[in-house]
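Overview (structure and organization)
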Amino acid sequence: MIKDGKILIGKAEDLEISLLPSQMNRHGLIAGASGTGKTVTLKVIAESLSELGVPTFIADIKGDLSGMIRQGDPEGIQGRLESMGIEDYEVRSYPVHFFDVYQDFGHPVRAKMQEMSPLLLSRIMDLTEAQEGVLNIIFRVAKDMELDIIDLKDLQAMTAYVGEHSKDYTTTYGNVSKQSVGAIQRKLLQLENEGGDKFFGMPAINIDDWMTTEGGLGMMNMLECEELFQHPLLYSAFLLWLLDELYNRLPEVGDAEKPKMVFFFDEAHLLFEDAPKRLVDKIEQTVKLIRSKGVGVFFCTQTPSDISPAVLAQLSNRIQHSLRAYTPAEIKTVKQAADSFRQNPDLDTAETITNMKTGTALVSVLDEDGAPTIVQKTKILPPRSSMVIAPEETVRRYIESDSIYGKYEKAIDPESAYEEMDAIYKREEAERQAEAEAKEQAKIQAQKEKEAAREKAKREKEKAEWGNRLAKKAQNKLENEALNTGIRSARKFLKELLK
């Protein structure tokens, strides 16, 4: 509910508790055990942002937020409003874009694989530094070959290709080990099994379609996550890609009167649970930097300890619903949650956390100077839209009448690395055959030249032998002639002597 330009979320006795739109990009936390009212709080904040003309992104894990497209039941919330002294609270519906990575309950959500940096992919897939280096080489080889990596099978094809040609690329790009290639292929297979073949592709989602208003109300972009959250690798890939895309595209805004967009990540523990340190580091960096682009992020989870300490330190607006504490570990968690607030001298925070009713929360928000207010036990307003899940058929009709319906529904599979790889292999095979034929021809030619040289040498030898025989014959003839001449001369001399 918007009152005096602020987001009224509830009342602590007679004190109104409000979020300041100018402080929404300082991020927030909505925590509490299951069934304590986190979803109601999320809806109240998201509805108010919509009324301010601020678009939101909501990861709907439990599938119970589709009621946003229908107005609430005025009679069902009247008692709560009266108990809070709230008047002029009208029920209403809100504009929603429904999205679904698996394309069953919303517009398809796709991203081009090459738009997700190798660094981000490496952290999502928990690759080692050596494997990350090989992934960078794979993308570089594709770029040098002028091949697009659009979908998952493109990257799988390029990975196999670089692995097969590892010796050719090691000198130019760096070492490409078979082990690293194999590890990348296994991670890509895992991503495919989780539905990555549907997420990566075209037409890619245009973020501008999310940052819109309809009838002056900020668009609620709702991602169906009932299936997606069961696949943490793909869930993390999508959310980090989205934040990274916004960070890279949006200009710096400094201090603004209201955020450009606010994200609500339900079941936030999925982003951190068993996540590799490199991935957590990336989440921390993104959350820290994206506030300068006017983007706020609210994490919804059961306990603050689900969030990494570095990210938790960035969440300035805090709403803590009831927690249960029976075991020593749970008692410790309650104490940590209580200690994270600016203390109220009139309130035993730790005791209150375990005794609050559903729909009540401990709230501390940022004031005009950016300082946290003291914690207050706050009764949360009811949402204006319906808390009842909208019938599936109603949601489908709503999607089909949506302003962006048809823009993303039909997948496009352009000529990219996978499609061109067959021609590349054929060309390389033709080149190998041509090279083999050239070698064979060279071998035949060398053999012919060798035979010719042998024949020439043989002829020259025979010629030389023939010449030698002729010379010897001539010499013999000369010698015979010389001998005959000598005999005749001797006979003549004897005749002359005998006379």
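Values in this document were obtained by computation on a predicted structure and should not be read as measured data.

Before going further, it helps to examine unusual backbone geometry. That bond from Met202 to Pro203 is cis: its omega, 0 degrees, falls within 30 degrees of zero. As for its placement among the helices and strands, Pro203 is situated in the loop between helix 7 (178–199) and strand 8 (213–214). Of note, His27 is a non-glycine position whose phi angle comes to about 70 degrees, a positive value.

Moving on, we get to the packing of aromatic side chains. Counted under the stated rule, the structure contains 16 aromatic pairs. Seen from their ring centres, Phe57 and Phe238 are 5.9 Å apart, and the 40 degrees between their planes marks the pair as tilted. With Phe57 in strand 5 (residues 56–60) and Phe238 in helix 8 (residues 232–249), this pair connects stretches of sequence that are 181 residues apart. Here the two residues Phe57 and Phe238 agree in accessibility, since each one is buried. Centre to centre, the rings of Phe238 and Trp241 are 6.1 Å apart; their planes meet at 40 degrees, and the pair counts as tilted. Within this pair, Phe238 and its partner Trp241 are both found in helix 8, separated by 3 residues, close to a single helical turn. Both residues of the pair, Phe238 and Trp241, count as buried. Ring-pair connections join several aromatic residues into one group, and the members of that group are Phe57, Phe99, Phe199, Phe200, Trp210, Phe238, Trp241, Phe263, Phe265 and Phe299. One residue, Arg92, lies across the ring of Tyr94, its end atom 5.4 Å from the ring centre.

Now for the nonpolar core. Phe57, Met158, Phe199, Phe238, Phe263 and Phe299 are the most contacted members of the largest nonpolar core, which totals 82 residues. For this core, the leading source of residues is helix 8, giving 11 residues. Excluding residues within four positions of it along the chain, Phe57 makes contact with Trp210, Asn221, Leu223, Phe238, Leu239, Leu242, Met261, Val262, Phe263, Phe264 and Phe265. Grouped together as the second largest cluster of nonpolar side chains are 45 residues, Met24, Met68, Ile86 and Ile380 included.

Bringing the pairing of strand 12 (residues 295–301) into the picture now. On a regular strand, one side chain projects to one face of the sheet and the next to the other, so that they alternate. Buried residues dominate strand 12, accounting for 7 of its 7 residues. Taking every second residue as pointing to the same face, both faces of strand 12 are buried, with Val295, Val297, Phe299 and Thr301 on one and Gly296, Phe298 and Cys300 on the other. Pairing analysis gives 5 bridges linking strand 11 (residues 261–265) to strand 12, with the strands arranged parallel. The residue bridging Phe264 from the neighbouring strand is Phe298, located in strand 12.

Moving on, we come to the packing of helix 8 against helix 10 (residues 277–290). Where helix 8 meets helix 10, the axes come as close as 10 Å, and the angle between the chain directions of the two elements is 35 degrees. Along this stretch, helix 8 crosses helix 10, giving a crossing that reads as left-handed. Contact residues: Ser236, Leu240, Leu243, Asp244, Leu246 and Tyr247 in helix 8; Leu279, Lys282, Ile283, Thr286, Leu289 and Ile290 in helix 10. For the contact of helix 8 with helix 10, the per-class residue count stands at 8 nonpolar, 2 polar and 2 charged.

What follows concerns the side chain of Ser48. Position of Ser48 relative to the elements: it lies in helix 1 (residues 38–51). Within the structure, the side chain of Ser48 is placed 2.4 Å from the backbone nitrogen of Met1, a separation counted as a polar contact. Here Ser48 is in contact with Met1, Ile2 and Ile7, once residues within four sequence places are set aside.

So, about the pairing of strand 5. With 5 of its 5 residues buried, strand 5 lies for the most part within the structure. The alternating pattern of strand 5 places Thr56, Ile58 and Asp60 on one face and Phe57 and Ala59 on the opposite face, and all of these are buried. Bridge analysis of strand 5 against strand 10 (residues 220–224) gives 5 bridges, and the strand direction is parallel. Looking at strand 10, one finds that Phe57 is bridged to Asn221. Pairing analysis gives 4 bridges linking strand 5 to strand 11, with the strands arranged parallel. When the sheet's bridge partners are listed, Phe57 is paired in strand 11 with Phe263.

Cut-offs used in this document
- Residues numbered from 1 in each chain as written.
- Predicted model: local features only at pLDDT ≥ 70, side-chain atom pairs only at ≥ 80, totals over all residues.
- Heavy atoms only, no water.
- Helix = DSSP H or I, 4+ residues; strand = E, 2+ residues; numbered from the N terminus.
- Phe/Tyr/Trp six-rings, centres within 6.5 Å; stacked < 30°, edge-to-face > 60°.
- Buried < 20%, exposed > 50% of the residue type's maximum accessible area, 1.4 Å probe, protein only.
- Lys NZ or Arg CZ within 6 Å of the ring centre and 35° of its normal.
- Core = buried A, V, L, I, M, F, W, Y, C linked by side-chain atoms within 4.5 Å.
- Contact = heavy atoms within 4.5 Å.
- Pairing = 2+ DSSP bridges.
- Axes fitted to C-alpha atoms, helices over the stretch in contact; angles between N-to-C directions.
- Left-handed = near helix turned anticlockwise from the far one by under 90°.
- Nonpolar A, V, L, I, M, F, W, Y, C, P; charged D, E, K, R; others polar.
- Polar contact = N/O pair within 3.5 Å; in protein donor to acceptor, adjacent residues only side chain to side chain.

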